[in-house]
Amino acid sequence: MTDPSPAAVVVRRSETLRALDEGAVSKATLVDRLGVSRSTVDRAVRELSTVGFVTSTPSGYRTTASGRLAAEVHDRYTRRIETLGEAAPLFAGVEVVFDLDPAVVDGATLIETAPHAPSRPVAAVGDIVEAATHVSVYTGRYLSRHARLYHDRVMEAGMTVSFVTTERVIERQAATRPGDMREAVASGRVAIRHVDRDDPVTLVLAETPSGPEMGLVVYDDGAPRGFLGNDTPAATRWARALHERLWTSATPFDPT
């Protein structure tokens, strides 16, 4: 039996909805636009009319206000699924225990590692940090280039940072650049907390003069696999909420 629900009708008849996006359209015009029979157009229009998404007028068929919104929602949903498909290789075989909101991929910038440019995802995070006045960071990976960047931005540009990381990363930083951590924390512009979990990701939420922006790097066996960047309100809200949860559950670190 054919599903008569509004959602199912929109999925089945999305092409008809899109064909009705320019005022009143006659049945003959719909047949030409869709390249189908008159009987197929009749069924499509009947189904869409039954759920209130299309109405008949003396000059032809029109989408209703609800129909136009339904078409927009369907298109957004389709784009989201397509983007999730593009981002799927980033997470294949990678265990991330926190929930990834679909909003993160809506309108996201996706940068994958390439053989000729293995550090592109890491460089994308650097670009976000360069413009930030404050960054909230969660990471289980130590990168010397990022360590230098954070230190320079804190000490030279006055950027503030809230780090949530692992003890292993803290120990690596202390062994590699022992003076930088003490200097940055002593400045009052850096706070560090540590957690036991070790997700194969780096999350950065940057507050910039033009608004918040988030970046997520996914790692595979210690090597960056790809980057998702987004500055939409929904994506940055997700990043902020995740960092706040991690921060609240983490243990304060005192480098002295």
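Our subject is the structure listed above.
Here's a quick rundown of the structure. Given the structure is predicted, the values throughout are model-derived calculations rather than measurements.

In terms of helices and strands, the protein carries 10 helices and 10 strands. For the protein, the C-alpha radius of gyration of 25 Å lies well beyond 18 Å, the compact-globule estimate for 256 residues. The principal-axis extents of the C-alpha atoms in the protein amount to approximately 80 × 35 × 35 Å. Per-residue burial for the protein yields a buried fraction of 42% across its 256 residues. Across the protein, contacts joining residues at least 24 apart in sequence account for 69% of those joining residues at least 6 apart. A total accessible area of about 13200 Å² is found for the protein, and carbon and sulfur atoms account for 51% of it. A gap of 6 Å separates the mean positions of the 29 positive and 34 negative side-chain charges of the protein.

For the rest of this paragraph, the subject is the pattern of salt bridges. In total, this model carries eight salt bridges according to the counting rule given. For the salt bridge of Arg-240 with Glu-207, the shortest nitrogen-to-oxygen distance reads 2.6 Å. With Arg-240 in helix α10 (residues 233–249) and Glu-207 in strand β7 (residues 201–208), this residue pair connects regions lying 33 residues apart in the sequence. On the accessibility criterion, Arg-240 (31% relative accessible area) is partly exposed. Each of Arg-12, Arg-13 and Glu-47 takes part in salt bridges that share partners, so that together they form one network.

A contiguous patch of negative charge on the surface is contributed by Asp-127, Glu-130, Asp-152, Glu-156, Glu-213 and Asp-231. The set of elements that each furnish at least two residues to the negative patch consists of α6 (120–130) and α7 (144–157). By secondary structure assignment, the location of Glu-156 is in helix α7.

One can find Glu-82 in helix α5 (residues 65–91). On the accessibility criterion, Glu-82 (49% relative accessible area) is partly exposed. Between the C-alpha atom of Glu-82 and that of Val-105, which follows or precedes it by 23 residues, the distance is 9.7 Å.

Taken in spatial order, the eight strands line up as β3-β9-β8-β7-β4-β5-β6-β10 in an open sheet, and their pairing is mixed. Only two strands of the sheet have a single partner each, and these edge strands are β3 (109–112) and β10 (251–252). Pairing analysis gives two bridges linking strand β6 (residues 190–195) to β10, with the strands arranged antiparallel. Of the residues in β10, the one forming a bridge with Arg-193 is Pro-252.

Okay, the packing of aromatic side chains next. Under the criterion given, the structure shown has one aromatic pair. A centroid spacing of 5.0 Å and a plane angle of 90 degrees characterise the contact between Tyr-150 and Phe-163, whose relative ring orientation is edge-to-face. With Tyr-150 in helix α7 and Phe-163 in strand β5 (residues 160–166), this pair connects stretches of sequence that are 13 residues apart.

With that settled, consider the packing of helix α3 (residues 27–34) against helix α4 (residues 38–50). Contact geometry for α3 and α4: axes closest at 9 Å, N-to-C directions at 105 degrees. Accordingly, the angle class assigned to the pair α3 and α4 is roughly perpendicular. Each of Lys-27, Ala-28, Leu-30, Val-31 and Leu-34 in α3 lies in contact with α4, whose residues at this interface are Arg-38, Val-41, Asp-42 and Val-45. Looking at the contact of α3 with α4, its residues break down into six nonpolar, no polar and three charged.

Right, let's get into α10. Given a rise of 1.5 Å per residue, 17 residues ought to cover 24 Å, and the 24 Å separating the end C-alpha atoms of α10 matches this to within 8%. Taken together, the buried positions of α10 are occupied by Ala-235, Thr-236, Trp-238, Ala-239, Leu-242, His-243 and Leu-246. An end-on view of α10 places all buried positions within 155 degrees of arc, on one side of the element. What points out from α10, more than 90 degrees from its buried face, is the exposed set Pro-233, Arg-237 and Thr-248. Looking at the buried side of α10, the elements it contacts are β4 (134–139), β5, β6, β7, β8 (211–220) and β9 (223–230).

Quick look at the pairing of β6 now. The pairing of β5 with β6 spans six bridges and is parallel. Bridged to Thr-165 within β6 is His-194.

Rules and cut-offs
- Throughout, a residue's number is its position along its own chain's written sequence, starting from 1.
- Totals for whole chains, interfaces and linings use all residues, but because this is a predicted model, local features are given only for residues with pLDDT of at least 70 and pairs of side-chain atoms are given and counted only at 80 or more.
- Side-chain descriptors were evaluated using all non-hydrogen atoms of the structure, hydrogens and water having been removed beforehand.
- The helix count covers DSSP runs of H or I at least four residues long, the strand count covers runs of E at least two residues long, and both are numbered beginning at the N terminus.
- For this measure, only C-alpha atoms enter the radius of gyration; the expected value for a globule follows 2.2 Å times N^0.38, where N is the number of residues.
- For the exposure calls, accessible area comes from a 1.4 Å probe over protein chains only, and a residue counts as buried if that area is under 20% of its type's maximum, exposed if over 50%, partly exposed in between.
- Whether two residues are in contact is decided by their heavy atoms, any of which lying within 4.5 Å being enough.
- Reported accessibility uses the Shrake-Rupley method at a 1.4 Å probe radius. Residues are deemed covered only where the shown protein chains occlude them.
- Only four residue types enter the charge count: Lys and Arg as positive, Asp and Glu as negative, with His and the chain ends excluded.
- Charge coordinates come from a single atom per side chain, which is NZ of Lys, CZ of Arg, CG of Asp or CD of Glu.
- The salt bridge criterion pairs a side-chain nitrogen of Lys or Arg with a carboxyl oxygen of Asp or Glu, the two atoms within 4 Å.
- Patch membership requires over 30% relative accessible area and the absence of a salt bridge. Like charges are linked within 9 Å, and nonpolar side chains (Val, Leu, Ile, Met, Phe, Trp, Tyr) within 5 Å.
- One bridge is not enough; two strands pair if DSSP finds at least two bridges between them.
- Stacked, tilted and edge-to-face are the three classes assigned to paired rings of Phe, Tyr and Trp, where Trp is represented by its six-membered ring and a pair needs centres within 6.5 Å; plane angles under 30 degrees give stacked, over 60 edge-to-face, the rest tilted.
- Here an angle of 0 to 180 degrees is reported between the N-to-C directions of two axes, which are lines fitted to C-alpha atoms, with helices fitted over the stretch in contact.
- Oblique is the label for every angle not falling under 35 degrees (roughly parallel), over 145 degrees (roughly antiparallel), or within 65 to 115 degrees (roughly perpendicular).
- Residues are grouped as follows: Ala, Val, Leu, Ile, Met, Phe, Trp, Tyr, Cys and Pro are nonpolar; Asp, Glu, Lys and Arg are charged; every other residue, Gly included, is polar.
- Here the expected span of a helix is defined as 1.5 Å times the quantity of residues minus one.
- Arc definition: directions from the helix axis to the C-beta atoms.

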